[in-house]
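These are the residues of each chain, in order.
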Amino acid sequence: MRVLSQAASFLGIPQDVIPGEPVITVTGRRNVYIENYNRIISFVDNEIKIQAKTCRVIVRGKRLGIEYYTGDDILITGVIGAVLTEG
Amino acid sequence: MRGGIFRWSQGYIHVRVAGYSGERFFNLCKSAGLAYWRVRRQGDGYCFYISRKDFFRLRPILRKSHMSMRILSREGLPFALRRNRKRKALAGAVLSFFVLLYAMSLFIWDVSFDGNYYYTREVLLDYLEEQGIRYGMMKHKISCDDLEEGIRSRFPEITWVSARVSGTRLLVKLKENQVLSSIPEADSQPCHITASTSGTITRMIIRQGKAKVRVGDPVEAGQQLVAGQLSVTNDAGEVIRTAWVHADADIYARTVYGYDMEFPRYHRVDVKTGKNRYGFVLAAGPWRFTLLAPDFERNSWNYRTNITQLHLFEDFYLPVYMGRIRGEAYVSYERPYTDQEKEQLSEKVRQDQIENLMEKGVQIIENNVKIQEYGVSWKVEGTIVAEEQIGVKRYITEYEETRETDERN
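Thresholds applied
- Residues numbered from 1 in each chain as written.
- Chains lettered and ligands numbered in written order.
- Predicted model: local features only at pLDDT ≥ 70, side-chain atom pairs only at ≥ 80, totals over all residues.
- Helix = DSSP H or I, 4+ residues; strand = E, 2+ residues; numbered from the N terminus.
- Buried ≥ 20, exposed ≤ 12 C-beta atoms within 10 Å, placed from the backbone.
- Contact = placed C-beta atoms within 7 Å.
- Nonpolar A, V, L, I, M, F, W, Y, C, P; charged D, E, K, R; others polar.
- Pairing = 2+ DSSP bridges.
- Axes fitted to C-alpha atoms, helices over the stretch in contact; angles between N-to-C directions.
- Core = buried A, V, L, I, M, F, W, Y, C linked by C-beta atoms within 7 Å.
- pLDDT = per-residue confidence, 0-100.

Here the focus is the overall build of chain A. Per the secondary structure count, chain A includes one helix and six strands. Looking at the 87 residues of chain A, the share that counts as buried comes to 23%. When contacts within chain A are restricted to residue pairs at least 6 apart in sequence, those whose partners lie at least 24 apart make up 38%.

Moving on to the overall build of chain B. Within chain B one finds 10 helices and 22 strands. The buried share among the 409 residues of chain B stands at 13%.

This part is about the interface of chain B and chain A. Each side of the interface is counted separately: chain B has 10 residues, and chain A has 12 residues. Classifying every residue of the side of chain B that touches chain A gives three nonpolar, two polar and five charged. Note that strand 5 (residues 56–70) of chain A and strand 2 (residues 36–42) of chain B share three bridges and pair antiparallel. Bridge pairing in strand 2 of chain B places I66(A) opposite V39(B).

Another point: the sheet that holds strand 7 (residues 169–176) of chain B. Residue and element names in this part refer to chain B. Strand order across the open sheet formed by three strands is 5-7-6, with mixed pairing between neighbours. Here the strands that pair on one side only, and so sit at the sheet edges, are strand 5 (110–114) and strand 6 (158–166). Along the sheet, successive strands turn relative to each other by an average axial angle of 15°, direction set aside. Strand direction decides the pairing type here: strand 6 and strand 7, joined by eight bridges, are antiparallel.

Residues and elements named next belong to chain B. Looking at where E262 falls in the secondary structure, it is placed in strand 15 (residues 248–264). Taking the C-beta count within 10 Å as the criterion, E262 has 11 such neighbours and is therefore assigned exposed. E262 sits 116 residues away from W378 along the chain, and the two C-alpha atoms are 5.9 Å apart. Residues within four places of E262 in sequence aside, it is in contact with S377 and K379.

Attention now goes to the pairing of strand 8 (residues 191–195) of chain B. All names here are of chain B. Buried residues dominate strand 8, accounting for five of its five residues. Two elements, strand 8 and strand 12 (residues 224–227), share two bridges in a ladder whose sense is antiparallel. Across the sheet, residue T194 finds its bridge partner in strand 12, namely Q224.

The biggest cluster of nonpolar side chains holds 30 residues, and the ones touching the most others in it are I34(A), I50(A), I74(A) and I76(A). Here the element with the most residues in this core is strand 5 of chain A; it accounts for five residues. With near-sequence residues (within four places) excluded, I50(A) lies in contact with I34(A), Y37(A), I40(A), I41(A), R56(A), V57(A) and I74(A). Of all hydrophobic cores here, the second largest spans 12 residues; its members include A195(B), I251(B), I390(B) and I396(B).

This part is about the confidence of the model for chain B. Note that predicted coordinates carrying low pLDDT should not be read in detail. All names here are of chain B. Per-chain confidence: chain B averages 88 in pLDDT, with 95% of residues scoring 70 or above. Of the regions scoring below 50 in pLDDT, residues 399–409 engages in five contacts with residues more than four places distant in sequence or in other chains. Under the prediction, the complex receives an ipTM of 0.84, its pTM being 0.49.

All names here are of chain B. On the basis of which strands lie adjacent, the open sheet formed by four strands has the order 17-16-19-18 and antiparallel pairing. Only two strands of the sheet have a single neighbouring strand rather than two, namely strand 17 (287–292) and strand 18 (300–311). Ignoring which end each strand starts from, the neighbouring axes of this sheet average 30° apart. When strand 18 meets strand 19 (residues 317–336), the two strands line up antiparallel, connected through 11 bridges. Residue pairing for strand 19: T308 is matched across the bridge by M322.

Residue and element names in this part refer to chain A. With five bridges joining them, strand 4 (residues 47–52) and strand 5 adopt antiparallel strand pairing. By the bridge assignment for strand 5, I48 is matched with V59. Counted between consecutive antiparallel strands, the loop separating strand 4 from strand 5 contains three residues. Across 12 bridges, strand 5 lies against strand 6 (residues 73–86) in antiparallel orientation.

All names here are of chain B. Note on placement: F289 falls in strand 17. Take F289: there are 9 C-beta atoms within 10 Å of it, and that puts it in the exposed class. Distance from F289 to M322, taken between C-alpha atoms, is 9.6 Å for residues 33 residues apart in sequence.

On to the environment of R41(B), then. Secondary-structure assignment places R41(B) in strand 2. Under the C-beta neighbour-count criterion, R41(B) is labelled partly exposed, with 19 such atoms within 10 Å. On a C-alpha basis, the gap between R41(B) and V17(B) in space is 9.9 Å, while along the polypeptide they are 24 residues apart. What R41(B) contacts, discounting residues up to four positions off in sequence, is F43(A), V44(A), D45(A) and Y46(B).

So, about unusual backbone geometry. In this model, R63(A) sits at a positive phi of 50°, which is unusual for a non-glycine residue. Tracing the backbone through its elements, the reader meets R63(A) in strand 5. Its identity as a non-glycine residue notwithstanding, R38(B) has a phi of 50°, on the positive side. Summarising the element assignment, R38(B) is placed in strand 2.

Below, the structure written as structure tokens:
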């Protein structure tokens, strides 16, 4: 993964093309769209923890829910307070 | 939206799961490829929607993740059909509605003309009726090509026609010729000019022929004004030859038209009471249904109805007409004409007479009108002094030519 990342950087290729990296798209305070996720670690009303391929993504807020998922993508809705990554 | 309609048609279930490991449950669903959506945390469990097909694959996953499930509701077409399986009449009605709508779409329910100014809609509709094209006929029986050709040959002033069937409408667009389609042929047949009406000659412009009257002469209807017969004489004044020409002249004369119109002394007047009444009308084919508020006072009413034809889309017209009725109550009684009403009526009569004459190209010089009382009635009497062309052609026949020759001999 590191080799791929360095190669992409050297060639000037956008980082989100590198396979395995999660792509997080936040729309206002309503939606968080995460691509390349593996599984759900925890799911409570005010926090959803997602395991991506290279890190963990934590979404905090109120009345969080999973709108839908397709393959490796997931859409989280609610009142988004914070989006964190760890690991 | 498309996904929503597809899901509804397949059917989906709103369920609630609760138990030891909800996250593991959802991860297992993802691994198994089960589609769920709109997951919300509710108390110690989760509510979500799942398709009907995937619902039946939940059992092993529930067992594996130690979760229990409860069905909250069933949505979608399969469940709606099952819930209403005993309502056969409703299903029949819905089906009949769509069948009827489809059947209606096979016919023509509206004919529209665009671009016609010289030929009225009624004239064109009459022609279509002659060709067997009318409201309520099947669309596939109309041949647009034949119709276009027929209209072009029947109406020479129409230079371009386009007919097409769109929805339940027959749309005919046409373009009329702005100028004459043919040049009138010069008339050279020998003729006299006679007076069409009596009057006093005011102007004469003779281009061909021999004048029989002079300016200032009074003439009667039918009197010869310009002769088409020219006599060629010798030095002794004897007629040696007769030439017949096409008399051509503009003869203007002062004419007098009298008119009168009688009215009874009393006339019926309708006075509105201010009371109104409203209703609706629905008509389909030969059937008509009217809904009108009842009238318990038994008044007399004048009704006005505005009717429009129903249509689903721009070109999908139906043979159903809806309208709103407005009724105005009035009280009727007889009374004599007031002076003002007499003046208005006499003025209207006068204007009508003037318009009739002006349409014929007559120039009005004087117009006098008066009102005469006759006890049980009254009259509007007037005279119009006008100046107009009074010459009309009278063609010379072979018999007339022979008789002239015999008289000369």
